[in-house]
Amino acid sequence: MRCAVREQCAREMRRVLKPGGKALVVEFSRNGKTLIERLHRGHALELGGIHDVLRSAGFDIVESGMVRTQGLNFTFAKSQGSPAL
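Everything numeric here is computed off the predicted structure, so don't read it as measured data. (Residues numbered from 1 in each chain as written. Predicted model: local features only at pLDDT ≥ 70, side-chain atom pairs only at ≥ 80, totals over all residues. Heavy atoms only, no water.)

S.K.: Is there a simple way to think about the overall build of the protein chain in this case?
M.R.: Counting its secondary structure elements, the protein chain contains three helices and three strands. Its helices and strands in sequence order give the protein chain the pattern α-β-α-α-β-β, from N to C terminus. A buried classification covers 31% of the 85 residues belonging to the protein chain. Here the analysis covers contacts within the protein chain between residues at least 6 apart in sequence; of these, 54% occur between residues at least 24 apart. (Helix = DSSP H or I, 4+ residues; strand = E, 2+ residues; numbered from the N terminus. Buried < 20%, exposed > 50% of the residue type's maximum accessible area, 1.4 Å probe, protein only. Contact = heavy atoms within 4.5 Å.)

S.K.: Just to check I follow, could you spell out the sheet that holds strand 3 (residues 72–79) for this structure?
M.R.: Adjacent strands of a sheet pair through backbone hydrogen bonds, lying either parallel or antiparallel. Sheet architecture is open: three strands sit in the order 1-3-2, paired in antiparallel fashion. Strands with a single pairing partner mark the edges of an open sheet, and in this sheet they are strand 1 (22–28) and strand 2 (59–66). Neighbour-to-neighbour, the strand axes of this sheet turn through a mean angle of 20°, independent of strand direction. Bridge count between strand 2 and strand 3: seven bridges; the pairing is antiparallel. Paired with Glu63 across the bridge in strand 3 is Phe76. (Pairing = 2+ DSSP bridges. Axes fitted to C-alpha atoms, helices over the stretch in contact; angles between N-to-C directions.)

S.K.: What exactly am I supposed to notice about the side chain of Arg6 here?
M.R.: Take Arg6: it is sitting in helix 1 (residues 3–16). A relative accessible area of 11% means that Arg6 is categorised as buried.

S.K.: Would you mind showing me how to read the pairing of strand 1 here?
M.R.: The side chains of a regular strand alternate between both faces of the sheet. The alternating pattern of strand 1 places Ala23, Val25 and Glu27 on a buried face, while none of Lys22, Leu24, Val26 and Phe28, on the opposite face, is buried. Judged from the seven bridges that link them, strand 1 and strand 3 form a sheet pairing that is antiparallel. Among the inter-strand pairings, Glu27 is bridged to a residue of strand 3, identified as Asn73.

S.K.: Please clarify how the environment of Ala23 should be interpreted in this entry.
M.R.: Tracing the backbone through its elements, the reader meets Ala23 in strand 1. Judged by relative accessible area, which is 8%, Ala23 ranks as buried. Residues contacting Ala23, with those up to four places away along its chain left out, are Met13, Leu17, Phe59, Thr75, Phe76 and Ala77.

What follows is the structure in structure tokens.
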């Protein structure tokens, strides 16, 4: 997904969540070894990139890391105060 589309998606998630609402984002990592991970590699962001997109949309990062399945990362975020327009 292009960066502009990710930013728009994050803003929309923020818009529809109540203040303090929670979002879970799962992303393929760039270091994936399976076929599906390799197919998505060109569109993957590192966790720091996902965090930047979510923070700029008005989220606080609560937790992030690797899912038990190799090649998948998660970010759990909580929306701040009132929605950013």
